[in-house]
Amino acid sequence: MATRITFRVDGKDETVTVDPDMPLLYALRDDLGLDNPRFGCGLAQCGACTVHLDGVPTRSCVTPTSAAEGRAVTTLAGLGTPERPHPVQQAYIDEQVPQCGYCINGWIMTAAAFLRDNRDPSEAQIREALTGLKCRCGTHMAILRAVKRAASLA
Amino acid sequence: MTLRLSRRAALRATGALVVTVAAAPGEAPAQPAGAGAPLSPLPPPGRLASYVAVHADGTATAFFGKIDGGQGLDVAIAQIVAEELDLPPARVRVVMGDTARTVNQGGASNASGVSQGAVPLRNAAAEARLMLVEMAAARLGVPPGALRVEDGTVSVAADPARRVTYEELIGDRRLDAELRWNGRYGNDLNVEGRARPKPIADYKVVGTAVPRRDIAEKVFARHAYVTDIRLPGMLHARMLRPPVAGARPVAVDEAPLRAIPGARAVWKEGFLAVAAPREWDAIRAAAALKVTWSEAAPPFPEQAALYDHIRNAPATKRGVPLQEGDAPAAIAGAARVVAAEYEWPFHSHSSMGPGCAVADVRPEGVRIWTGSQKPHAVRDGVAKFLGVPPETVHAVWVTGPGSYGRNDAGDTPFDAAFLSRELGAPVRVQYTRHEGHGWDTKSPASVQRVRAGLDAEGRVVGITFESKAFSRTNIATSEADPRDSLASQVLGGGLNPQDTYLFPGDFVPTEPYAFPARLMAWETIPPLLDRASPLRTSHLRDPLGPELIFAAESFVDELAAATGADPVEFRLRHLREERDIAVLRAITERAGWEPRPAGPRGAPGDRARGRGVSLARRDGTVVGLVAEVEVDRGSGAIRVRRMVVGQDCGLIINPDGLRRCVENALIYGTSRALREEVTFDRNNVTSVDWATYPILDVAEAPEAVEVVLINRPDIRPTGAGEPAVRTAGAAIANAVFDATGVRLRRGPFTPERVRAALAGA
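All chains use their own residue numbering, which begins from 1 and follows the written sequence. Lettering of chains starts at A and numbering of ligands starts at 1, both following the order in which they are written. Given that the model is predicted, a residue must reach a pLDDT of at least 70 before its local features are reported, and side-chain atom pairs must reach 80 or more before they are shown or counted; all residues, however, enter totals for whole chains, interfaces and linings. Excluded from the side-chain calculations are hydrogens and water; all other atoms, namely the structure's heavy atoms, are used.

## A word on the pattern of salt bridges
Working step 1: Salt bridges, as used here, are contacts in which a Lys or Arg side-chain nitrogen is within 4 Å of a carboxyl oxygen on Asp or Glu. Evaluated as defined, the whole model comprises 78 salt bridges over all chains.
Working step 2: Residue Asp35 of chain A pairs with Arg230 of chain B through a salt bridge whose shortest N-O separation is 2.8 Å. Linking Asp35 of chain A in the loop between α1 (24–31) and β3 (50–53) with Arg230 of chain B in the loop between α5 (215–219) and β11 (235–239), this pair reaches from one chain into another.
Working step 3: Between Glu95 of chain A and Arg145 of chain A there is a salt bridge whose closest N-O contact spans 3.5 Å. With a gap of 50 residues between them, Glu95 of chain A in the loop between α3 (87–94) and α4 (104–117) and Arg145 of chain A in helix α6 (residues 140–153) connect regions that are remote in the sequence. Runs of E in the DSSP output that reach at least two residues are strands. Runs of H or I that reach at least four are helices, and both are numbered from the N terminus.

Structure representation (structure tokens):
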């Protein structure tokens, strides 16, 4: 049964009327037209759909939209802008990281939350924080360089 | 300022130049408006304006009939065109992969973007510059030879105050001329005009590091992917696949769909899909539909029997790409014979996102939005599939979720087109993760049998290298023939069988080495299922490279070990070409390689360290790798501590882009060597997601990768984005041998397999 669900997305109040069990990913993409969270697997295995839910990196492909009620969603588009880039975004540009770029929501949103809570991480901690995310183009080394760089920018 | 030359004046000024008044020199929208818009005429291959436009604002556009998959190929094209036009690269836009706006240059293929794809654009840009200089000569009243061009301004060399800009020369006109077209489409397409491209010694832009254009867009979530295309009235569709490969629906109960708004099923022969106005409803409908599938005989052998199956299967075709001397006789008469067999599994594209396409099929024309790296082939294939003329089909490439060969992006346009025609609405098809892994094309599983004879002094007297494998192309590597699509195959259409394991290009295993007698041969075996198979093969990044070089360079290492030689010295002793030698020297010097025979040293501990090397060619590129690993004897896990990869791909266009391209290719190859294996049971593929088809995790990535580039300004650029893929397997396996004394002859080198190999040693 379609239900009204209200939450904040990138600082803006939004209301959708959807099946409450529908994953948040489809509410963001199809109801709100926010394309940046991406469908990669629908299984919480790859990270392409990652958003922050009240600051916590969350796989929107398996999170029911109802779970977002009254909470704050931040997408990659809300993390920073060309004028005010988030340090991870700036580092991604500086290091020219992505190839196809389809995976970057997972890496950037996860790294942003990790660096917020860990100001001076070791490389091993960075790898552990990012483990499980997928990149099929093989940009692993550039991702690690960028997150290390972002840690120094933050 | 508007400048109009009469046709006569134009001809006088520039020979073959035809100046036409352009209605609008600006750009058509990159994504054509949905419905009913007339299809623009196709750009003719023999015209300059089909490749390069110089605009009234002093910018230029290159029309590139390939695409950039995120390697920065568009930047390299902009650099090359800017170089010939004497413009800053920032003033050159690149339009890619739109069949109405670019000539069919074959799409992304065989790492040919620069080596072949840039050539006609370079030639057209050179011609455009010549025409502009001739126009300036007429305007300034001096001979063309007295002029120089810098940043789009033409000035008299001896009197630089006398100048005219490209803007002033162009005005609102459209630069065009006839070019000599070689009559080919695809990778081999070329055009030439009167102008000669710049000598490389004069290059200013080519060879410099220019940043990518798409990265900031992607990082700020402003880059559109094919998955983001939405049209008014568009339906979302999902396909349904059989639980047993080869089964077909025999009964479909649509009753459960009545509870889902607008949901409906489309069933014809083996083609079964659901569609709904809302995406979530299409997903729910796919789950709700009740389907009875036919009883199909299990098509596959047990996975454990895969390599025996390959060995025992009848050969359908044999090729002998290289025969020098009588290698079998030389081996038969040798003092000592070294022989080994190497096995390599099926690999999946498993692209980052599953395939997606949008089709809008209307009586007046067809539009397809595709992430396929060969959009012109999609146009031709969909036209044949629908039975309409190709000029009524407009395919637009939009960045896809990764693509390294003929992946599932090549199947979705046919599904979408079929459904759009059936449903009378635009249709967006997106595959599931299960389809992206389970039903994409696979690279072929194979067995490599290698034998060599050594004389009493340990010199190689002959070598044979024989591959036996599934064909590399159960389906073609482009979408131009609809018989190669899943849609056509489940609809009962005929197949388009191809049967080859042809070693690609000028590459044959052990090619760089001067062995006195050689026999290099391949055999193919029949596919396991003759249609719509989840194990059908086609091209995956560096086709055949990983398996053949794993075998060849492991075997060369085995020869070195058999003769007690250092693996690098052994190779250097047999190499002939200076470029091969230079790459091997460059990587081993950087890695600090100390000569000694490979093999474990000291007391065996829990963790054994070793180093290995591999060297290969690929279509004119030379690539080599030193890998340093640590093997955990307890778990069998291989940790890659350091990789030093070297590449010589001729003239370097953009060193920064190239460095990343090589690094990413190496990581991709490392993933395939350490982790990747398609699994299946007797019914179907069972590696259907990231849990069942693991790839290299960031935690397992090498501790360090160093890229050594060798620039060859005197050698035309050759493929850059694939060669390093093939180096990883052998270098890692050779390093494991060095660490443990155990040879790994089957990929991937999972901890379980390494543990078993150590236990068996």
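## Concerning the pairing of strand β29 (residues 638–648) of chain B
All names here are of chain B.
Working step 1: Counting buried positions along β29 gives 9 out of 11 residues, so the element sits mostly inside the fold.
Working step 2: The pairing of strand β28 (residues 621–632) with β29 spans 10 bridges and is antiparallel. In the strand pairing of β29, Val631 is matched with Ile638.
Working step 3: Connecting the antiparallel pair β28 and β29 is a turn made up of 5 residues, with Gly636 showing a positive phi of about 85°.
Working step 4: Pairing between β29 and strand β30 (residues 704–709): 6 bridges, direction parallel. Within the sheet, the bridge partner assigned to Gly646 lies in β30 and is Val708. Relative accessible area decides the class of each residue, using a 1.4 Å probe on protein chains only: under 20% of the type maximum gives buried, over 50% gives exposed, and in between gives partly exposed. DSSP bridges decide pairing: two strands pair if at least two such bridges lie between them.

## Looking at the sheet that holds strand β26 (residues 518–525) of chain B
All names here are of chain B.
Working step 1: Sheet architecture is open: 5 strands sit in the order β16-β26-β25-β24-β17, paired in mixed fashion. The open sheet has two free edges, formed respectively by β16 (317–324) and β17 (336–344), since each of these has just one partner strand. Within the sheet, the average angular offset between the axes of one strand and its neighbour, ignoring direction, is 10°.
Working step 2: Against the sheet, helix α13 (residues 545–562) engages β17, β24 (446–454) and β25 (460–470), with an angle of about 150° to β17. Under this scheme, a helix contributes an axis fitted over its contacting stretch, all axes are lines through C-alpha atoms, and angles between N-to-C directions fall in the 0 to 180 degree range. Residues are treated as being in contact if the distance between any of their heavy atoms lies within 4.5 Å.

## A few points about the interface of chain B and chain A
Many descriptions give the size of an interface as the accessible area lost when the pieces come together.
Working step 1: Across the boundary between the two partners, chain B contributes 64 residues, which contact 56 residues of chain A.
Working step 2: Here's the idea: put two parts together, see how much 1.4 Å probe accessible area each one loses, and the total over both is what we call buried area. Summed over both partners, the interface of chain B with chain A buries about 4800 Å², with 55% contributed by carbon and sulfur atoms.
Working step 3: Looking only at chain B, the three residues that lose the most surface to chain A are Phe220, Met352 and Val698 of chain B, adding up to 17% of its buried area.
Working step 4: Our count for the contact surface shared by chain B and chain A stands at 7 salt bridges.
Working step 5: Asp228 of chain B is the salt-bridge partner of Arg29 of chain A, the closest N and O atoms lying 2.9 Å from each other.
Working step 6: Within 3.5 Å is the distance limit for a polar contact, defined as a pair of N or O atoms, with the added protein rule that one can donate a hydrogen and the other accept it, and that residues adjacent in sequence qualify only through two side-chain atoms. For the pair chain B and chain A, the number of links is 34 residue pairs in polar contact (both at pLDDT 80 or more).
Working step 7: Those elements giving two or more residues to the side of chain B that touches chain A turn out to be α5, α6 (279–288), β22 (427–430), α16 (655–674) and β30 of chain B.
Working step 8: At 7 residues, α16 of chain B tops the list of elements feeding residues into the side of chain B that touches chain A.

## Re the packing of α3 of chain A against α6 of chain A
Residue and element names in this part refer to chain A.
Working step 1: Where α3 contacts α6, the axes come no closer than 8 Å and their chain directions differ by 130°. Comparing their axes, α6 and α3 come out oblique. Remark: the crossing between α3 and α6 carries right-handed chirality. When α3 is examined against α6, the residues Pro87, Val88, Gln90, Ala91, Tyr92 and Asp94 are found in contact with a partner set consisting of Ile143, Ala146, Arg149, Ala150 and Leu153. Roughly parallel means an angle under 35 degrees; roughly antiparallel, over 145; roughly perpendicular, 65 to 115; everything else is oblique. It is the rotation of the near helix from the far one that decides the hand of a crossing: anticlockwise by less than a right angle makes it left-handed, clockwise makes it right-handed.

## Things to note about the UniProt feature "domain: Aldehyde oxidase/xanthine dehydrogenase a/b hammerhead" (unreviewed entry) in chain B
Working step 1: UniProt positions are given in the numbering used here, feature names are shortened, and annotations may be inferred rather than shown by experiment. UniProt annotation of "domain: Aldehyde oxidase/xanthine dehydrogenase a/b hammerhead" (unreviewed entry) refers to residues 220–297 of chain B when read in the numbering used here.
Working step 2: For residues 220–297 of chain B, helix accounts for 13% and strand for 32%, while the C-alpha atoms at its two ends are 50 Å apart.

## Focus: the sheet that holds strand β4 (residues 92–96) of chain B
Residues and elements named next belong to chain B.
Working step 1: In spatial order, the strands read β2-β3-β4; together these 3 strands make up an open sheet with mixed pairing. The sheet is open, and its two borders are formed by β2 (52–54) and β4, each paired with just one other strand. For this sheet, the mean inter-axis angle between neighbouring strands, taken without regard to orientation, is 20°.
Working step 2: Sheet topology note: the β2/strand β3 (residues 60–64) ladder contains 3 bridges and is antiparallel. Of the residues in β3, the one forming a bridge with Val52 is Ala62.
Working step 3: Running over the sheet, helix α3 (residues 118–140) touches β2 and β3 and is turned about 30° from β2.

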